[in-house]
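# Coordinates in review
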Amino acid sequence: MENKKKVAFYTLGCKLNFSETSTIARNFQDEGFERVDFEEVADMYVINTCSVTENADKQFKQIVKKALKVNDKAFIAAVGCYAQLKPEELADVEGVDLVLGATEKFKITDYLNDLSKNDMGEVHSCEIEEADFYVGSYSFGDRTRAFLKVQDGCDYKCTYCTIPLARGISRSDTMEGVLKNAAEIAAKGIKEIVLTGVNIGDYGKGEFGNKKHEHTFLDLVTELDKVEGIERLRISSIEPNLLKNETIELVSKSRAFVPHFHIPLQSGNNEVLKKMKRRYMKELYVDRVNKIREVMPHACIGVDVIVGFPGETDEYFLETYHFLNDLDISYLHVFTYSERDNTEAAEMDGVVPKNVRAKRSKMLRGLSVKKRRAFYESQIGTKRTVLFESENKEGYIHGFTENYVKVKTPWNPALANTLHEIKLSKIDDDGSVRLEFLNVQV
């Protein structure tokens, strides 16, 4: 029997990238490749790139070096967002053989001839206007949860963001497509699905390859709630202006949707929000948080925030800090603003010095620790359901409650990928929460 060609993958960036890497990997397996770990010797290494953070390009070079160290004759392909935005730059990196943009990445196996190294990186990237068709995908982060892509691209024009340039217009999977993928995931015994996309609240748009659509995000969550075999559904990140009261109400009464929301804010100052071209003011954000708290007092609410945006004065930053401090939220994801080519913000005045950006970021990360601690403390003594993961970490097994409290208990392999009724007992030194079992243990 001839030896199977081996392929390995490395994913940078978001959950959406992870779900797409899985789909691309399955295409390779259909073509007879064997998938191996990135640390192993492979004939081909595929790197799925990200354009959101400043270090994405530096990271990319290090990952290429890492692959070539394992096999200096390996064929190296770069795909994804950075590959769409800066294809020539990636092709110039020593050792890179193939660069594929937004639409080509799903047809990667069509571009492979004999996997012999190229003298120069070959580039295939479309004009981003051509990225108007939808490719569904899902991935398994571990055996416990899967990331299900429901939407791609974005029609918003936030001034700091390159995603519309990297992923094209907003478009969605058909309802049938999403439900079929959800049923496939359920059949694999996976207990939790995390919905992912670039702007998932915009779901429905581009369902038929044009702007016409018959479904909305509310329809989507209503139908997914009925899929048998899925114990938990989690909405990943959703814009505050697209998170409607009806959706919040549905989650509060739902069979499977968990009380966990992640809602990007980006700034607690309206002037900065206007400069960012966000589609809401901070008052709307307060409304969303209050609505969630009204119907689900125990919900976990995560917030994205950007520090150091051009024109963010000390006063504006402090306004954001106090806004978040006073808001009943559970944790923050803090991003330090970094300039991106071909974005409006990169040309703006009022540039914040890098050291000031770093200081602000540190302040908000400190606030996040305080917020998470307060949220966990508020949950001590309550009864929850925990889904255990499958890894032994220093003699403990970890899991998350439905409202995203991280718990731990001594390692027991029988608990992996199972749900248990528990009571949250105390916060441990490492910040996770200890528990007591309420049901009979496995």
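Above this text you will find the structure in question.
Residues numbered from 1 in each chain as written. Predicted model: local features only at pLDDT ≥ 70, side-chain atom pairs only at ≥ 80, totals over all residues. Heavy atoms only, no water.

Right, let's talk about the sheet that holds strand β14 (residues 300–307) for a bit. The strand order across the open sheet built from three strands is β13-β14-β15, with neighbouring strands paired in parallel fashion. Across the chains shown, the open sheet's two edge strands, defined by having one partner strand only, are β13 (260–266) and β15 (331–336). In this sheet, adjacent strand axes meet at a mean angle of 20° when their direction is disregarded. One ladder, built from six bridges, connects β13 with β14; its direction is parallel. Pairing of P264 across the sheet is with D304, part of β14. Across the sheet, helix α12 (residues 354–379) is in contact with β14 and β15; its angle to β15 comes to roughly 170°. (Pairing = 2+ DSSP bridges. Helix = DSSP H or I, 4+ residues; strand = E, 2+ residues; numbered from the N terminus. Axes fitted to C-alpha atoms, helices over the stretch in contact; angles between N-to-C directions. Contact = heavy atoms within 4.5 Å.)

Applying the stated criterion across every chain, the model contains eleven aromatic pairs. Between the aromatic rings of F317 and Y321, the centroid separation amounts to 6.5 Å while the plane-to-plane angle is 55°, which identifies the pairing as tilted. On the criterion of helical spacing, the pair formed by F317 and Y321 is a turn pair, its members being four residues apart in helix α11 (residues 314–326). The same class applies to F317 and to Y321, which are both buried. Taken together through their ring pairs, the aromatic side chains of F9, F28 and F33 make up a single cluster. We note R26 situated over the ring of Y138; from NZ or CZ to the ring centre the distance is 4.4 Å. When the ring centre of Y134 is taken as reference, the NZ or CZ atom of K149 above it lies at 5.0 Å. (Phe/Tyr/Trp six-rings, centres within 6.5 Å; stacked < 30°, edge-to-face > 60°. Buried < 20%, exposed > 50% of the residue type's maximum accessible area, 1.4 Å probe, protein only. Lys NZ or Arg CZ within 6 Å of the ring centre and 35° of its normal.)

So, about the pattern of salt bridges. According to the stated counting rule, one finds 33 salt bridges in the structure shown. Across the pair K73 and D72 runs a salt bridge, and its minimum N-O distance is 3.6 Å. Residues K73 and D72 agree in their burial class; the two are exposed. For R167, the salt bridge is made with D152, and the minimal N-O distance between the two is 3.0 Å. You can see R167 sitting in helix α5 (residues 163–167) and its partner D152 sitting in strand β9 (residues 151–152), a full 15 residues away along the chain. In this structure R167 comes out as buried when scored by relative accessible area, which is 4%. Judged by its relative accessible area of 4%, D152 is buried. When salt bridges that share partners are traced, they join E20, K105, K149, D152, R167 and R171 into one network. (Salt bridge = Lys/Arg side-chain N within 4 Å of Asp/Glu carboxyl O.)

Contact pair α11 / α12: the axes reach a minimum separation of 11 Å and the direction vectors enclose 5°. Considering their axes alone, α11 and α12 lie roughly parallel with respect to each other. Within the contact between the two elements, α11 uses D314, F317, L318, Y321, L324, N325 and D326 and α12 uses R360, M363, L364, L367, K370 and K371. When grouped by side-chain class, the residues that make up the contact of α11 with α12 number seven nonpolar, one polar and five charged. (Parallel < 35°, antiparallel > 145°, perpendicular 65-115°, else oblique. Nonpolar A, V, L, I, M, F, W, Y, C, P; charged D, E, K, R; others polar.)

The next thing to look at is the pairing of strand β20 (residues 433–437). Within a regular strand, the side chains alternate between the two sheet faces. Bridge count for strand β19 (residues 419–427) against β20 is five bridges, and the pairing is antiparallel. Along β20, the bridge assignment pairs K423 with E436. Two successive antiparallel strands, β19 and β20, enclose a turn made up of five residues, where G431 displays a positive phi of approximately 95°.

Empty pockets left among the atoms are what a rolling probe the size of a water molecule brings to light. Of the volumes computed, that of the second largest pocket is approximately 260 Å³. Along the walls of the second largest pocket sit 15 residues, with C154, Y156, K157, P164 and L165 positioned nearest its centre. For the lining of the second largest pocket, the per-class residue count stands at eight nonpolar, four polar and three charged. (1 Å grid on protein atoms, 1.4 Å probe; cavity = no way out; pocket = protein on both sides within 12 Å on 5 of 7 lines; lining within 4 Å. Points joined across faces, edges and corners; volume = space filled by probe spheres on them.)

A word on empty space enclosed by the protein. In total, this model carries two cavities of 30 Å³ or more according to the counting rule given. In this structure, the largest cavity is lined by A102, T103, K105, F106, A131, F133, V135, K149, D152 and R171. Here the lining of the largest cavity is composed, by residue class, of five nonpolar, one polar and four charged. Estimates place the volume of the second largest cavity at around 30 Å³. As for the second largest cavity, its lining consists of D57, K61, Y82, E89, L90 and V93.

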